[in-house]
Amino acid sequence: MPWIEDVELACGAYRFELSCWWHTRTWTKDVTVAETAMLVDEIVDQALAAAESSAVVLAPGQPPPDTTLQARRRPR
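Residues numbered from 1 in each chain as written. Predicted model: local features only at pLDDT ≥ 70, side-chain atom pairs only at ≥ 80, totals over all residues. Heavy atoms only, no water.

The helix and strand inventory of the protein chain stands at 1 helix and 3 strands. Secondary structure elements in the protein chain, listed N-terminal to C-terminal, are β-β-β-α. Out of the 76 residues belonging to the protein chain, those deemed buried represent 7%. For the protein chain, the exposed area adds up to about 7400 Å²; of that, 60% sits on carbon and sulfur atoms. (Helix = DSSP H or I, 4+ residues; strand = E, 2+ residues; numbered from the N terminus. Buried < 20%, exposed > 50% of the residue type's maximum accessible area, 1.4 Å probe, protein only. Areas by Shrake-Rupley, 256 points an atom, 1.4 Å probe, with all protein chains shown as cover.)

Moving on, we come to the pattern of salt bridges. Tallying each qualifying case throughout the model produces 1 salt bridge. Arg15 serves as the salt-bridge partner of Asp30, at 2.7 Å between the closest nitrogen and oxygen. You can see Asp30 sitting in strand E3 (residues 26–32) and its partner Arg15 sitting in strand E2 (residues 13–19), a full 15 residues away along the chain. We classify Arg15 as partly exposed; its relative accessible area is 40%. (Salt bridge = Lys/Arg side-chain N within 4 Å of Asp/Glu carboxyl O.)

With that settled, consider the pairing of E2. Pairing between E2 and E3: 7 bridges, direction antiparallel. When the sheet's bridge partners are listed, Phe16 is paired in E3 with Lys29. Where E2 hands over to E3, the hairpin turn is made up of 6 residues, counted between the paired strands. (Pairing = 2+ DSSP bridges.)

Moving on, we get to the confidence of the model for the protein chain. Detail in the predicted coordinates should be disregarded across regions flagged by low pLDDT. With 66% of its residues at a pLDDT of 70 or more, the protein chain has an overall mean of 76. The secondary structure element of the protein chain with the lowest average pLDDT is strand E1 (residues 3–10), at 72, and the one with the highest is helix H1 (residues 33–53), at 86. (pLDDT = per-residue confidence, 0-100.)

Together, Val40, Val44 and Leu48 give the surface a local cluster of nonpolar side chains, amounting to about 250 Å² of exposed area. With respect to the helices and strands, the residue Leu48 is situated in helix H1. Since its relative accessible area comes to 49%, Leu48 is described here as partly exposed. (Patch = residues over 30% accessible without salt bridge, like charges linked within 9 Å, V, L, I, M, F, W, Y side chains within 5 Å.)

Using a relative accessible area of 37% as the deciding quantity, one classes Asp30 as partly exposed. As for Asp30 and Glu8, which are separated by 22 residues in sequence, their C-alpha atoms are 9.6 Å apart.

Within the secondary structure, Lys29 sits in strand E3. Owing to a relative accessible area of 44%, Lys29 belongs among the partly exposed residues under this scheme. On a C-alpha basis, the gap between Lys29 and Tyr14 in space is 8.1 Å, while along the polypeptide they are 15 residues apart. With residues up to four places along the chain from it excluded, the contact list for Lys29 reads Tyr14, Arg15 and Phe16. (Contact = heavy atoms within 4.5 Å.)

Here it is in structure tokens:
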């Protein structure tokens, strides 16, 4: 899995190097500030959508469910 090293902002773009312990080679990538903002927006939108899809919506006036774990008795 690659990781990012040496991020710098130059001429309106983020320049970073990708490296991976499987490879001896590194890769350089430039991403503009606008592209970075768009990527961050997409990641946040996806995370919020995933959280909303797993959220429980209660009817008005309905108490929240009891989610505490109950101890179970061992059979004798």
